[in-house]
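Okay, here's what each chain looks like letter by letter:
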Amino acid sequence: MTEFRITHEIHQTHPDIREKLTSTTIEAINESSARSAEDAARVLRHKLAEIGVQMSEPACLSAIERIRSGKQLRFEIEPLPDEDDLA
């Protein structure tokens, strides 16, 4: 199962982010059902940006392809790494 990681801080700001992600993804899929996977990925990316979530185009394309093939998506929320961990 593909997992898309959303930062913990976004989850604190938007406690209903999982529901928003799910409903936004479904809305994008429904709007773009007659389009190519690439076009649908762009629609998904734009709709996610509207709710403050940034996802790369390849990740959006992967999400579209998984959904169209009947597989599930699971959004996993995780904390951002500390700056000390990045050094």
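Structure first, text after, so check above.
These numbers were taken from a predicted model, which means no experiment stands behind them.

Caption draft 1: Geometry of the nonpolar core. Residues Leu21, Leu44, Leu48, Met55, Cys60 and Ile64 are the most contacted members of the largest nonpolar core, which totals 18 residues. Those elements that place two or more of their residues in this core are helix H2 (17–31), helix H3 (37–50) and helix H4 (57–68). In terms of residue count, the dominant contributor to this core is H3 (six residues).

Caption draft 2: Representation of the packing of H2 against H3 within the structure. Where H2 meets H3, the axes come as close as 9 Å, and the angle between the chain directions of the two elements is 145°. For the pair H2 and H3, the sense of crossing is right-handed. Counting all contacts with H2, which are made through Leu21, Thr24, Thr25, Glu27, Ala28 and Glu31, the residues of H3 involved are Val43, Leu44, Lys47 and Leu48. When grouped by side-chain class, the residues that make up the contact of H2 with H3 number five nonpolar, two polar and three charged.

Caption draft 3: Representation of H2. Helix length check: H2 (15 residues) gives 21 Å between terminal C-alpha atoms against 21 Å at 1.5 Å per residue, within 8%. If you check which residues of H2 are buried, you get Ile17, Leu21, Thr24, Thr25, Ala28 and Ile29. One side of H2 holds all its buried residues, which, seen down the axis, span an arc of 135°. Of the residues in H2, the exposed ones pointing more than 90 degrees away from the buried face are Glu19 and Asn30.

About the thresholds
- Residues numbered from 1 in each chain as written.
- Predicted model: local features only at pLDDT ≥ 70, side-chain atom pairs only at ≥ 80, totals over all residues.
- Heavy atoms only, no water.
- Core = buried A, V, L, I, M, F, W, Y, C linked by side-chain atoms within 4.5 Å.
- Buried < 20%, exposed > 50% of the residue type's maximum accessible area, 1.4 Å probe, protein only.
- Helix = DSSP H or I, 4+ residues; strand = E, 2+ residues; numbered from the N terminus.
- Axes fitted to C-alpha atoms, helices over the stretch in contact; angles between N-to-C directions.
- Left-handed = near helix turned anticlockwise from the far one by under 90°.
- Contact = heavy atoms within 4.5 Å.
- Nonpolar A, V, L, I, M, F, W, Y, C, P; charged D, E, K, R; others polar.
- Expected span 1.5 Å × (residues − 1).
- Arc of directions from axis to C-beta.

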